[in-house]
Amino acid sequence: MAQLPIHRIEEIGLAAARAIAGGQVRAIRVRPALDSGDEPAYFLSFLSETSQTGRPEVLLDIAHRVRDELIENGDESYPYIRLVTQDEWGVR
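Residues numbered from 1 in each chain as written. Predicted model: local features only at pLDDT ≥ 70, side-chain atom pairs only at ≥ 80, totals over all residues. Heavy atoms only, no water.

**Notes on the packing of aromatic side chains**
Applying the stated criterion to the full structure yields two aromatic pairs. Look at F43 and Y80: their rings are 4.9 Å apart centre to centre, the planes differ by 10 degrees, and that puts the pair in the stacked class. With F43 in strand β2 (residues 40-48) and Y80 in strand β3 (residues 78-84), this residue pair connects regions lying 37 residues apart in the sequence. Residue F43 is classed as partly exposed on the basis of its relative accessible area of 24%. (Phe/Tyr/Trp six-rings, centres within 6.5 Å; stacked < 30°, edge-to-face > 60°. Helix = DSSP H or I, 4+ residues; strand = E, 2+ residues; numbered from the N terminus. Buried < 20%, exposed > 50% of the residue type's maximum accessible area, 1.4 Å probe, protein only.)

**Details of helix α2 (residues 56-72)**
Taking 1.5 Å as the rise per residue, α2 with 17 residues should run 24 Å; its terminal C-alpha atoms sit 24 Å apart, in good agreement. For α2, the secondary structure elements touched by its buried residues are α1 (6-21), β2 and β3. Taken from the residues just after α2, G74 is the one with a positive phi, measuring 85 degrees. (Expected span 1.5 Å × (residues − 1). Contact = heavy atoms within 4.5 Å.)

**A look at unusual backbone geometry**
Phi angles above zero are rare outside glycine, and D38 is one such case at about 60 degrees. Turning to its location among the elements, D38 is positioned in the loop between β1 (25-34) and β2.

**Describing the pattern of salt bridges**
Applying the stated criterion to the full structure yields three salt bridges. With its nearest N and O atoms 3.2 Å apart, the salt bridge here joins E11 to R8. Of this pair, E11 and R8 both sit in helix α1, three residues apart, which is roughly one turn of that helix. A salt bridge links R8 to E69, with the nearest nitrogen and oxygen atoms 3.6 Å apart. A residue pair is termed long-range when its members are at least 10 positions apart, and R8 in helix α1 and E69 in helix α2 qualify at 61 residues. Linked by salt bridges that have partners in common, R8, E11 and E69 make up one network. (Salt bridge = Lys/Arg side-chain N within 4 Å of Asp/Glu carboxyl O.)

Here it is in structure tokens:
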């Protein structure tokens with residue numbers, strides 16, 4: 001299984017989040033890691049201006065879109081999605 005470069009994951013993630021949640025999504029951070037099953041995963045955090053975008057269905061739609069694009073590009077890592085506010089974004 002191939003893993004895409006981080007800049008490509010960022011492009012895919014931002015495009016998906018903006019297509020679903022709109023212009024409220026300002027930035028992305030990607031952290032590659034293993035999930036609880038020791039499988040490759042990407043933990044994507046998005047800076048969002050509104051808490052409305054944190055609704056479960058929005059998060060699922062973004063995750064599905066990112067996952068589809070990853071698979072299409074030969075990367076089967078699972079994306080874990082989180083939308084955070086400016087206050088949370090500053091805390092790492």
